[in-house]
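Coordinate inspection notes
If you want the building blocks of each chain, they are given just below.
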Amino acid sequence: MRKDRTEMSEDDDRSPPLDLRGADIAESSSKTRNCSGVTGSVAGPGPGPSSMDFQAPYPDQVLENVLENVLQFLSTRRDRNAASLVCKSWCRVEALTRSELFIGNCYSVSPRRATARFARVQAVAIKGRPRFADFNLMPPNWGAFFAPWVLAMATAYPWLEKVYLKRMSVSNDDLTLLADSFPSFKELVLVCCDGFGTGGLAVVASKCRLLRVLDLIESELSDEDVDWIACFPESGTSCLESLIFDCVERPINFEALERLVIRSPSLKKLRLNRFVSIGQLYRLMVRAPQLTHIGTGAFSAPEGVALGDLEPDYTAAFAACKSLVCLSGFREILADYLPAIHPVCANLTSLNFSYANINAEQLKSVILHCHKLQTFWVLDSICDEGLQAVAATCKDLRELRVFPIDAQEDIEGPVSEVGLEAISEGCRKLQSILYFCQHMTNAAVKTMSNNCPDLEVFRLCIMGRHRPDHLTDEPMDEGFGAIVMNCKKLTRLAVSGLLTDRAFNYIGKYGKLVRTLSVAFAGDSDMGLKYVLEGCPRLQKLEIRDSPFGDAALLSGLHHYYNMRFLWMSSCSLSPPGCQEIARALPRLVVEVISNETDKLNGDDTVDILYMYRSLEGPREDAPGFVTILQ
């Protein structure tokens, strides 16, 4: 569940996946920058007028020159994708003017095709494994390797400056090639990635002299004893603006880090791991009062220091950070230190307590100062009482995530419909909510739909399986129905609890803007999924686990799968013949059947995991043995 804490909004892209079919019609062309070519000579002596021969430009040349200047003002992927579909000329010019490339699925297109079409890219974002891999639902070593991408970009994009990777397998060799190939490289962000270690980070730190951003977010590093922090160049002023390494599970060279912070006057974001004590945090804050984002690391007494001993003035250090707007970290927290952050609370717009095991009273001492807060992540240890305090103070709240401190089923959860209703009544500007609980009521969800009509993301995770409204014992159909009916901007929805086909009928009928739908332990029959696939025209990502949907439900979406980025179904009622029929009917869809050892031992004839996605390349070549690609 920690993986849900990686971003303020995990899949916030609003544009359809990139269509690279235009690479087949895009061609290289050397375009003149002048509207006309001019050649001339003097006809004869004397003062008479000279005659000039004008060569008219090709009409397509003029159009492409104009388009190139116009398309530079299109910044969103959706607008650019739409422009590229107008005609061949627009497709060609749009590709030449695109500087940022987004690949929503690393297997949807080959690196060769992508780099051939888009020749002037400076920033690349690539996503790999589907989200359910975060919950250990996908066997390890499935794929999503960065190696072929960095190899292609090394020759195609020598001027590349930024790389953003999410759920990709990245090796130290990949990072070495990246550092060696791009002399102007500035930003590396690795979210939920694995396969690399501190040795790869050391190469990036030492060779990327213009590095501004190095963000490691919820990534898993291999255990290597390399002092990567000390590899940043010691001479001159550092360009570093953001350094995030709170996921690195090994001690760092603090003296080297302190020197790096001192010589980085532009540093704005710094998130530390749990091996950095509050005393060391104090030293860094004194050196860098310009910080706007701080991840505190361990927020407890330094080793060898007893509470009450003479310690630095942590409160003064926080007070000196006048620009601080975002606070996170608080690992291994000792609540007695929380008053130190009081001076900055009034300016905070983002506060992440998702690793801080604090109670309602401890939260209240902080939250009552946070009137500007817009993003708040917290553990359910604060109970309904803590959420009521948030609702009373944070009137400008836009995003709330409540994570479980204990994710077991069938326990008495500390938050309930009481906290949800309080938030909906006090935080009317809410746009996104993720709420883990053990039980819920339809009335509370309906209240939220009425009070928070601007909701774009609603994810309610009732951890007990097939749980009804705990007051009326009715299914949760009407609550989720109210959400899709009243929240007209809803684009992402996660449903759970006891749901019948009626709930899915509501989703299909009213969820016309829903792009991402997550279903867990819910559903009545195949009709439920059929309602969704036939009724949600903008559905891009559909992920389902432990639900009764079978072959008939799967086949009902034949008309829509080419328009989707992916479909994931695990522990449902699918058969191999049903999945094979999809593969035959939709040859441009990659249909992966993923098995595990349990299936083989039991001789199970059902499909454990089905992962389908569209691809311009066909089946991938790096599929491991437990993946069968149907054709």
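Residues numbered from 1 in each chain as written. Predicted model: local features only at pLDDT ≥ 70, side-chain atom pairs only at ≥ 80, totals over all residues. Heavy atoms only, no water.

Some remarks on the overall build of the protein chain
Of regular secondary structure, the protein chain possesses 21 helices and 25 strands. Buried residues in the protein chain amount to 56% of all 631 residues. Just so you have it, the protein chain exposes about 26000 Å², and 52% of that area is on carbon and sulfur atoms. (Helix = DSSP H or I, 4+ residues; strand = E, 2+ residues; numbered from the N terminus. Buried < 20%, exposed > 50% of the residue type's maximum accessible area, 1.4 Å probe, protein only. Areas by Shrake-Rupley, 256 points an atom, 1.4 Å probe, with all protein chains shown as cover.)

Some details on the pairing of strand 24 (residues 609-614)
Counting buried positions along strand 24 gives five out of six residues, so the element sits mostly inside the fold. Pairing geometry for strand 22 (residues 566-570) and strand 24, over five bridges, is antiparallel. In the strand pairing of strand 24, Leu567 is matched with Met612. Pairing analysis gives six bridges linking strand 23 (residues 589-594) to strand 24, with the strands arranged antiparallel. By the bridge assignment, Leu589 is partnered in strand 24 with Arg614. (Pairing = 2+ DSSP bridges.)

Digging into the nonpolar core
Within the largest apolar cluster, 178 residues are counted, with the highest numbers of intra-cluster contacts made by Phe146, Ile341, Leu351, Phe353, Phe376 and Phe458. Apart from residues lying up to four places away in sequence, Ile341 is in contact with Phe299, Phe318, Leu327, Phe330, Phe353 and Val366. (Core = buried A, V, L, I, M, F, W, Y, C linked by side-chain atoms within 4.5 Å. Contact = heavy atoms within 4.5 Å.)

Re the packing of helix 6 (residues 172-181) against helix 7 (residues 198-207)
With their axes 8 Å apart at the nearest point, helix 6 and helix 7 run at an angle of 5 degrees to one another. Judged by the angle between their axes, helix 6 and helix 7 are roughly parallel. Of the residues in helix 7, those touching helix 6 at Asn172, Leu175, Thr176, Ala179 and Asp180 are Gly199, Gly200, Leu201, Val203, Val204 and Lys207. A class-by-class count of the residues in the contact of helix 6 with helix 7 yields five nonpolar, four polar and two charged. (Axes fitted to C-alpha atoms, helices over the stretch in contact; angles between N-to-C directions. Parallel < 35°, antiparallel > 145°, perpendicular 65-115°, else oblique. Nonpolar A, V, L, I, M, F, W, Y, C, P; charged D, E, K, R; others polar.)

Some thoughts on helix 13 (residues 383-393)
Of all the positions in helix 13, only Asp384, Gly386, Leu387, Ala389, Val390, Ala391 and Thr393 are classed as buried. Turning to helix 13, the residues buried within the fold contact helix 12 (360-367), strand 15 (375-379), strand 16 (399-403), helix 14 (417-426) and strand 17 (432-437).

A look at the confidence of the model for the protein chain
For the protein chain, the mean per-residue pLDDT works out to 88, and 87% of the residues sit at or above 70. Taken as a whole, residues 6-54 scores under 50 in pLDDT and shows 103 contacts with residues more than four places along the chain or in a different chain. (pLDDT = per-residue confidence, 0-100.)

Details of the packing of aromatic side chains
If you walk through the whole model with that rule in mind, you get 20 aromatic pairs. Their ring planes at 85 degrees and their centres at 5.6 Å tell us that Tyr107 and Trp142 sit as a pair that is edge-to-face. Here Tyr107 is found in the loop between strand 3 (100-103) and helix 4 (111-117), whereas its partner Trp142 is found in the loop between strand 4 (123-127) and helix 5 (147-156), with 35 residues between them in sequence. Each member of the pair, Tyr107 as well as Trp142, is classed as buried. Ring centres 5.7 Å apart and planes at 70 degrees place the aromatic pair Tyr314 and Tyr337 in the edge-to-face group. Taken together, the positions of Tyr314 in helix 10 (residues 314-320) and Tyr337 in the loop between strand 13 (326-328) and helix 11 (342-345) put the pair 23 residues apart, joining distant regions of the chain. Of the two residues, Tyr314 and Tyr337, both sit in the buried class. Here a set of aromatic residues connected by ring pairs shows up, and it is made of Tyr107, Phe132, Phe135, Trp142, Phe566, Trp568, Tyr611 and Tyr613. If you follow Arg331 out to its NZ or CZ, it ends over the ring of Tyr355, 4.0 Å from the centre. Note that Arg620 overlies the ring of Trp142, its terminal NZ or CZ placed 4.4 Å from the centroid. (Phe/Tyr/Trp six-rings, centres within 6.5 Å; stacked < 30°, edge-to-face > 60°. Lys NZ or Arg CZ within 6 Å of the ring centre and 35° of its normal.)

Here we look at the packing of helix 2 (residues 77-84) against helix 3 (residues 88-97)
Between helix 2 and helix 3, the least distance of the axes is 7 Å, while the angle of their chain directions is 145 degrees. In contact with Arg80, Ala83 and Ser84 of helix 2, helix 3 contributes Trp90, Cys91, Glu94 and Thr97. Residue composition of the contact of helix 2 with helix 3, grouped by class: three nonpolar, two polar and two charged.

Digging into helix 5
Looking only at helix 5, the buried set comprises Trp149, Val150, Ala152, Met153 and Ala154. Along its buried surface, helix 5 packs onto strand 3, helix 4, strand 4 and helix 6.

A closer look at the pattern of salt bridges
For the coordinates displayed, the defined rule picks out 32 salt bridges. Its salt-bridge partner being Glu399, residue Arg401 comes within 2.8 Å of it at the nearest N-O pair. As far as burial versus exposure is concerned, Arg401 and Glu399 are alike and both buried. A single network of salt bridges, built from pairs that share partners, joins Arg80, Glu94, Arg98 and Arg117. (Salt bridge = Lys/Arg side-chain N within 4 Å of Asp/Glu carboxyl O.)

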